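Residue-level structure breakdown
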Amino acid sequence: MPTQIAPALSRAKIENLTDNIRRTFDCMNCYFDIVSFVEFVIPSIDSTFNYDYVEAYELPNKTYAYYDSCENQIKILSSVYEGACNDKGRDRFTIAHEVGHYFLHKEGCRFARSEIEVPAFMNPEWQANTFASALLIPKSQTQFMSIDEIADKCKVSHQAAEIAFKRNWQ
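Below, the discussion takes up helix α1 (residues 11-24). In this model α1 runs 20 Å from its N-terminal to its C-terminal C-alpha over 14 residues, within 8% of the 20 Å that 1.5 Å per residue would give. Contacts made by the buried residues of α1 are with α2 (34-45), α4 (89-104), α5 (124-136), α6 (139-142) and α8 (158-168). Of the residues one or two after α1, Asp26 is the one with positive phi, at around 55°.

Encoded structure:
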């Protein structure tokens, strides 16, 4: 089965990028408005970027959203968009994950047929998840919070808050 391979990125480099994004766009509170970021901020800095809210039949089977680096476009399932607008943590994370692909994988990823497992730091899905977590749950502001506080203040799922909580203490 083809495996995607991305340029190597450490968790620290990804977290540094998300910290820079938050600083540059003056998003320094715990809550990060990912919907407005996609709708207004990215298009203001990249005139070639596009996004679209679509129905399930317009996406590959069991897909909630995806980033197409050739088209420089994020397609988001309409129900995911609505959930994100209503601060549903899983939906906010889904969109932030695709924004991670936008920032980290604009040039696309290579596909390789290999029997070796790709290390996490070269796996585009791990990188996008790490990006989404760091963008929505900034370590510097959540380091001393409980899991419930992280979920509430950052508007993320309990699962994402739990992973961030463990990350904060590593």
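Our next topic: α2. For α2, which comprises 12 residues, the first-to-last C-alpha distance of 15 Å matches the rise-based estimate of 16 Å (1.5 Å per residue) to within 8%. All buried positions along α2 are accounted for by Ile34, Val35, Phe37, Val38, Glu39 and Ile42. On the buried face of α2, the contacting elements are α1, β2 (50-54), α3 (78-85), α4 and α5.

Mapped onto the fold, Glu15 is located in helix α1. Note: C-alpha distance between Glu15 and Ala134 (119 residues apart in sequence) is 5.6 Å. If sequence neighbours within four positions are ignored, Glu15 has contacts with Ala134 and Arg167.

Conventions adopted
- Residues numbered from 1 in each chain as written.
- Predicted model: local features only at pLDDT ≥ 70, side-chain atom pairs only at ≥ 80, totals over all residues.
- Heavy atoms only, no water.
- Helix = DSSP H or I, 4+ residues; strand = E, 2+ residues; numbered from the N terminus.
- Expected span 1.5 Å × (residues − 1).
- Contact = heavy atoms within 4.5 Å.
- Buried < 20%, exposed > 50% of the residue type's maximum accessible area, 1.4 Å probe, protein only.

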